[in-house]
Amino acid sequence: MRLKVLPSPGSEHATLATAVDWTGGSLATGGDDQHVQRWTSAGQASGQVCSLDSYCTDLHRCPAGSQSGALAVACTDGSFSLFNASGRRDKQVKAHKGAVTSLHWNLEGTAILTSGEDGQVKVWSGAGMLRSTIATSASPVYSAAWGPDSNAVLYCSGKDLNIIPLHNSKKLGWQAHDSLILKTDWSSVNDLIISGAEDCRYKVWDTLGRLLYQSAPLLSTVTALAWSPTAEVFTVGTYNSLLLCHASGWLYSKASTDTGSLLDLAWTSDGTQLAGAGANGHICFAQVVGLTAEVGHVRATLTDRNSVEVYHLLAETVDELDFRDRVIKMCLGHGHLIVATATQGCIHSLAHLNTPHILDWKETPTLILHADRCFLLVTSSQGMQVVTYEGQQVCTIKFPGMRPELLNERLLSLSSDTLAVVDLAAKGQVIRFFDTAQGKPLGQTLSHPNVIVSVALNQQGIAPDRQVVYIDQSRDMWIRAVGGKAPAVKLASMVDNALWHDSVGMLAFIADHKLVVQYYPNMVYADPELVEVTSFTKNDEELGKGALLSSFTGSQCVLRRGDGAEVVARVPPYPLVLHRLLAEHQWDKAAKLCHAVKDTSLWAVLAGWAVSAGEVDTAEVAFAGCEEVDKLQYMLYIKQLPTREARLAELALYRHNAPEAEAILLQANLVYRAIMLNVRTFRWARALQLAQKHNTHIPTVLLERSQYLARTGKVETDKQFLQCNTEVTVDEAEIEQQVQQELANEAARPSAVK
């Protein structure tokens, strides 16, 4: 990916240009000639918007609300003015002593943020009425920005960055640079902060003030920077240079300009074009080209504003695709290439590239996600739409408080039948699940005490078996079944990102600068003691700091290092083969594969699958293969149980799921076994409750309780048991006779093993 700088249209400002912003399909620029000019997207001057009483320092268009399209312009005399779409000044406000250095509308279009040379940061209503002065600094504030939800403000003062929440007094500040900070920006999509200073560096931060990336010293001061609307990239402006950087900080490309120092940068709403204000009065226009998507043996590259080249590695063929409008997004996966233009989407099957399905739309999607049988479109006005690869809309998904303009691929995950989305209205602490066939809520929402920063659904199996992993702000990774009632279990700590395999249930993640692949993540429920056995860890010094997973397909993981270089990490191929055999319930072939490979991790994966599926015979063989003698003996005990329900209950108990085991036994009317299951797990109150409810084996529970207390040297203190001891007579011989009768009745069932 790179920026293609268009030929300079010539200087329309007599002196330096200081501010740029896109208003609809046109660009507004301001400078020291006291004029605001309008430009077309092709870079041609199209007239004057308005004249000013002083020199322009910043300008910003209202993005939404009743004043959508209104232009706010900041000036050196300490005032800012509000202009309507026709260029008429509606109001002028005296805001600061000295120049107003920065000005921004919030995303809702209801408030304006200003900072000034007087060191103050202020919030104004959309009509220009002062709401509050939120910060006062001893030095000038040259840049300020809204937080993602407009509930916090970021500003720079000297060498420091400061975050001030608007609804509480807890302020966060830290020294960010060694010299004066000139520019900063806060992404509303990925919640990351970028800053540039006179030390000739740009840096990437999280909202806790942790440094994520620091550039090498550039040749000149960083005078401008801006996040793209999608937050996938950001741009940095210096003297006669324009840098395009990945969201994690590493450099995509560097382009030369003839603008002198770039004092301001602005992206179009679709993130395909950029404009910059130059110190010599020139306005710089640039387009994003070279956008690449690669999956398996196919690579698609944006070669021009409306041309895409598809290269097939194995066949060594190249297909050229031309489109009517400018290409805004493209997404490759699951055998399809989706190309989004300003007015329509083209859905190409990789098998038949020249016969796409066309999908017309009124609004360009901000995000596209692939799944096996469908894909997801996210737009600001229509929310989330599930569409088939034939171009048919399946459903629209909405929920109260949804903010689609703030969603990104880390906060959404799509499978063939399920959509998981982090609810930002619940402070990012809730995950909602939806059925992609009807758009209705699926199962219960998942609540977490910490902010969730990433979510991912596995792609294997059907909806009842679907699992979700998520990473919170403390970098802990958790797993839970989408439709299950079992609590979430912590898988790992210090996790940067995680990625499911594209076809089977293996999980790869980066933890503490190491690549870890878990062959069977569900092992945390089947047998937590074997989790480490089923993990593959690659401690590769080549990964370095800040590496992120790009794809996990076949037997290889593709990672992007912190410096932007791609690294391919190979993982053993046998777990992939084993998963495919087990997905087809070919237990004998799976056992033969484990015998041939003689790898303990494969035996452990087979054991976990068998325990979860209720295959006792296979579990016996697998535990013998991984030399787990105690677990093998327990499987032998389970095999000799007479009924299938009893065996399934014991397997559920092995998975530490006593409520499920009890439910299986009660549904099969095996009340005695249900009571004794609670006795074995020391759930004495529940055992007595079941005995009293079914009016059976109350003396048995009392006898077991008294023997337990005698062995442990304790005295009965429970009121229920004390009362029952006075009301019920315990006869050991009679109890033994009842127990033998229960076992005989169970063995006499038609379904019992003889």
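Everything discussed here concerns the structure shown above.
Nothing here was measured: the structure is a model prediction, and the numbers come from that model.

What counts and what doesn't
- Residues numbered from 1 in each chain as written.
- Predicted model: local features only at pLDDT ≥ 70, side-chain atom pairs only at ≥ 80, totals over all residues.
- Heavy atoms only, no water.
- Axes fitted to C-alpha atoms, helices over the stretch in contact; angles between N-to-C directions.
- Helix = DSSP H or I, 4+ residues; strand = E, 2+ residues; numbered from the N terminus.
- Parallel < 35°, antiparallel > 145°, perpendicular 65-115°, else oblique.
- Contact = heavy atoms within 4.5 Å.
- Nonpolar A, V, L, I, M, F, W, Y, C, P; charged D, E, K, R; others polar.
- Buried < 20%, exposed > 50% of the residue type's maximum accessible area, 1.4 Å probe, protein only.
- Polar contact = N/O pair within 3.5 Å; in protein donor to acceptor, adjacent residues only side chain to side chain.
- Pairing = 2+ DSSP bridges.
- Core = buried A, V, L, I, M, F, W, Y, C linked by side-chain atoms within 4.5 Å.

**Student:** Can you explain the packing of helix α7 (residues 644-654) against helix α8 (residues 658-667)? Please cite residues and give values.
**Tutor:** Put simply, α7 and α8 touch, their axes get as near as 7 Å, and they point 170 degrees apart. When the axes of α7 and α8 are compared, the pair comes out roughly antiparallel. Counted together, E645, A646, L648, A649, A652 and L653 of α7 and A658, E660, A661, I664 and L665 of α8 form the full contact between these two elements. Residue composition of the contact of α7 with α8, grouped by class: 9 nonpolar, no polar and 2 charged.

**Student:** If you had to explain the environment of S143 to someone new, which residues and values would you point to?
**Tutor:** Along the chain, the position of S143 falls in the loop between β13 (130-136) and β14 (144-146). What makes S143 buried here is its relative accessible area of 3%. Aside from chain neighbours lying at most four places away, what touches S143 is S102, S115, L154, Y155, C156, L182, K183 and T184. Here the side chain of S143 touches T184 through a polar contact of 3.1 Å, landing on its backbone nitrogen.

**Student:** For the sheet that holds strand β47 (residues 495-500), give the residues involved together with the corresponding values.
**Tutor:** Taken in spatial order, the 4 strands of this open sheet run β47-β48-β49-β50, and their pairing is antiparallel. The sheet is open, and its two edges are formed by β47 and β50 (535-538), each paired on a single side. Strand-to-strand, the axes of this sheet are offset by a mean angle of 20 degrees, without reference to chain direction. Where strand β48 (residues 507-511) and strand β49 (residues 514-518) come together, 5 bridges link them in antiparallel fashion.

**Student:** Run through helix α9 (residues 671-680), naming residues and quoting values.
**Tutor:** Residues three or four positions apart in an α-helix share a direction because the helix packs 3.6 residues into each turn. The element α9 is extensively covered by neighbouring structure, given that 9 of its 10 residues are classed as buried. Where α9 is concerned, the buried positions are V671, Y672, R673, A674, I675, M676, L677, N678 and V679. On its buried side, α9 packs onto α7, α8, α10 (684-694), α11 (698-712) and α13 (732-747). Backbone geometry just after α9 places F682 at a positive phi near 60 degrees.

**Student:** Give a detailed account of the sheet that holds strand β46 (residues 489-492), specifying residues and quantitative values.
**Tutor:** Here we have 4 strands laid out as an open sheet, ordered β43-β44-β45-β46, and antiparallel in their pairing. The strands lining the two open edges of the sheet, one partner per strand, are β43 (452-457) and β46. Here the average twist between neighbouring strands, direction ignored, is 30 degrees.

**Student:** Explain unusual backbone geometry to me, using residue names and the numbers behind them.
**Tutor:** Phi is positive for E316, which is not a glycine, with a value near 55 degrees. Mapped onto the elements, E316 comes out in the loop between β29 (307-312) and β30 (317-322). Exposure remark for E316: the relative accessible area of 62% places this residue in the exposed category. Phi at K427 is positive, roughly 60 degrees, even though this residue is not glycine. Mapping K427 onto the fold places it in the loop between β40 (418-423) and β41 (430-435).

**Student:** Tell me what's going on with the nonpolar core, and back it up with residues and numbers.
**Tutor:** Among the nonpolar cores identified, the biggest contains 64 residues, and M477, F509, L515, C557, L606 and F623 are the most heavily contacted of them. The greatest single-element share of this core, amounting to 9 residues, is contributed by helix α4 (residues 600-613). Discounting chain neighbours no more than four positions away, the residues touching L515 are A508, F509, I510, F536, T537, K538, L543, L549, C557, L559 and A569. In terms of nonpolar packing, the next biggest core, distinct from the first, is built from 31 residues, L665, I675, C724 and V739 among them.

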